[in-house]
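Summary of structural features
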Amino acid sequence: ARKLAKKSVINSIIVVPNRPLAAESASIELTSIEALRADKEFVASDPMVTTEIDELQSVAFEELATLLRGLLDPRATGSTWYSQGQRLYVSPERPGPMAASRLLSQWFDKTPRIANEQLMRSSASRTMQTARVRVVGSILERSDRERLGYEDGDRSADGSIYRTVLENTGLRPAGSTRFADPDQITDPGLKEVWFRIALFFRTPTDRNGGKYRDLSEFVTTLASAPMGVPMAVIPVLIAAGVKHFSR
């Protein structure tokens, strides 16, 4: 494993235990318990089966976690960290998250700065999903109104999305009835993302060799390095792009 880690050139962090882990038995036991849970006939044979499986699984998880503790310790007391073939200097004084943060800043140097913790993540809560739907609707239906029709100081969930994702970032400047162009955005990461969205919607299909442009593939590009746009916020940006650039 250490030799493979030293040969790796991809953007990833590889953690190698300093001594072999006796985790095979615990892993097999956990897999076996999951197989029992999937056996509907066995589970239906006794009302107490599910409870007993839960207890066995809890014990198995705890045992496996104990075995992996040295590998998962961010202070690297029982493991060595590598990235792109180079050893990362991780210690109790400089734990793994510090080294990872530096690397991620390099790999995702075009990530937009959007101050909304509820949407700057891979998936939003059900409440935020509902609010996001309302904001997308406002973008598509009330784009000609200031603040998309939201009152100044609106503290609702969708008002917060409008303010943090669109207004405060400059995508929809306060008092404006239109979205900004890419060259008007000051944040380098958001400018790059907005430029790519503009290019996607402004490029006619026949200028792309007659090839259909896949929106899901484009979303994957936005979510990948160097932009790394969180999936939960992408629908708002795409909706804004549709309204501003699809003409």
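Note: the structure precedes this text.
Structure report, in brief. Sequence order as written defines the numbering, with residues in each chain counted from 1. Local features are withheld for residues below a pLDDT of 70 in this predicted model, meaning they are given only at 70 or higher, and side-chain atom pairs are given and counted only at 80 or more; totals for whole chains, interfaces and linings count all residues. Think of the side-chain values as coming from all heavy atoms in the structure, minus any hydrogens and water.

Concerning the overall build of the chain
In terms of helices and strands, the chain carries 10 helices and 3 strands. The principal-axis extent of the C-alpha atoms belonging to the chain is close to 65 × 50 × 45 Å. The criterion used for residue contact is that any of the two residues' heavy atoms lie within 4.5 Å. Across the chain, the fraction of contacts at a sequence separation of at least 24, relative to all contacts at a separation of at least 6, is 58%. Each accessible area is a Shrake-Rupley estimate made with a 1.4 Å probe; only the visible protein chains count as cover when residues are assessed. When the accessible area of the chain is evaluated, it comes to approximately 15000 Å², of which 53% is carbon and sulfur surface. The numbering of helices and of strands both runs from the N terminus, where a helix is a DSSP run of H or I of at least 4 residues and a strand a run of E of at least 2.

Examining the sheet that holds strand β1 (residues 13-17)
Two strands make a pair as long as DSSP finds a minimum of two bridges between them. In space, the 3 strands of this open sheet follow the order β1-β2-β3, with antiparallel pairing throughout. Single-partner strands in this sheet number two, and they are β1 and β3 (86-88). Recorded for the sheet is a direction-independent mean angle of 40 degrees between the axes of neighbouring strands. Two strands pair when backbone bridges link them, and β1 and strand β2 (residues 79-83) are joined in this way by 5 bridges, in the antiparallel orientation. Each residue of the ladder has a partner; that of Val15, found in β2, is Trp81. A fitted line through C-alpha atoms represents every axis, and for helices the fit uses only the stretch in contact; the resulting angles, taken between N-to-C directions, go from 0 to 180 degrees.

Overview of helix α4 (residues 49-72)
Expected span of a helix: the number of residues minus one, times 1.5 Å. The end-to-end C-alpha distance of α4 is 32 Å, a good match for the 34 Å that 24 residues give at a rise of 1.5 Å each. The principal kink in α4, of about 35 degrees, is found at Thr66. The buried label goes to any residue with under 20% of its type's maximum accessible area, the exposed label to any with over 50%, and the partly exposed label to all in between, with areas taken from a 1.4 Å probe on protein chains only. Three or more residues of α4 are buried, namely Val49, Ile53, Gln57, Ala60, Leu64 and Leu71. The elements touched by buried residues of α4 are β1, α2 (24-38), α3 (40-44) and β2. Bend is the name given here to the angle between axes fitted to two runs of seven residues, the run ending at a residue and the run starting at it.

A closer look at unusual backbone geometry
Cis geometry marks the peptide bond from Ala225 to Pro226; its omega dihedral reads 5 degrees. The backbone of Gln84 shows a phi angle near 50 degrees, a positive value even though the residue is not glycine. If you trace the backbone, Gln84 turns up in the loop between β2 and β3. Backbone geometry places Arg147, a non-glycine residue, at a positive phi of 55 degrees.

Things to note about the packing of α2 against α4
Where α2 meets α4, the axes come as close as 9 Å, and the angle between the chain directions of the two elements is 160 degrees. The orientation of α2 relative to α4 falls into the category roughly antiparallel. α2 and α4 meet at a crossing whose hand is left-handed. Along the contact surface, α2 presents Ala26, Ser27, Glu29, Leu30, Ile33, Glu34, Leu36 and Arg37, while α4 presents Thr50, Ile53, Asp54, Leu56, Gln57, Ala60, Phe61, Glu63, Leu64 and Leu67. Each angle is binned into one of four classes, with values under 35 degrees roughly parallel, values over 145 roughly antiparallel, values of 65 to 115 roughly perpendicular, and all other values oblique. For any pair of crossing helices, the crossing counts as left-handed if the nearer helix is rotated counterclockwise from the farther one by less than a right angle, and right-handed if it is rotated clockwise.

Here we look at the environment of Ala198
Among the secondary structure elements, Ala198 is positioned in helix α8 (residues 188-202). The class for Ala198 is buried, based on a relative accessible area of 4%. Sequence separation between Ala198 and His244 is 46 residues, and the spatial gap between their C-alpha atoms is 8.3 Å. If near-sequence neighbours (up to four positions away) are discounted, Ala198 is found in contact with Pro182 and Phe245.

Focus on helix α9 (residues 215-223)
Of all the residues in α9, the buried ones are Phe218, Val219 and Leu222. Each buried residue of α9 sits inside an arc of 100 degrees when the element is viewed along its axis, so together they form one side. Packed against the buried residues of α9 are α8 and α10 (234-245). Here the arc refers to the set of directions running from the helix axis out to each C-beta atom.

With respect to the nonpolar core
Residues Leu119, Val165, Leu166, Ile197 and Leu222 are the most contacted members of the largest nonpolar core, which totals 39 residues. Residue assignment for this core shows that the elements contributing at least two residues are α6 (126-141), α7 (157-167), α8, α9 and α10. The residues touching Leu119, leaving out its near neighbours within four places in the chain, are Ala124, Met128, Arg132, Ile161, Val165, Pro230, Ala232, Val233 and Val236. Residues belong to one nonpolar core when they are buried, are Ala, Val, Leu, Ile, Met, Phe, Trp, Tyr or Cys, and are joined through side-chain atoms within 4.5 Å. In this structure, Leu30, Ile33, Ile53 and Leu64 belong to the second largest nonpolar core, which totals 8 residues.

Structural notes on the pattern of salt bridges
The rule for a salt bridge is simple: a side-chain nitrogen of Lys or Arg has to be within 4 Å of a carboxyl oxygen of Asp or Glu. This model, assessed by the stated rule, comprises 6 salt bridges. In this structure, Arg134 engages Asp158 in a salt bridge whose closest nitrogen and oxygen atoms are separated by 3.3 Å. In this pair, Arg134 sits in helix α6 while Asp158 sits in helix α7, placing the two residues 24 residues apart along the sequence.

So yeah, pure geometry; function would need other evidence.
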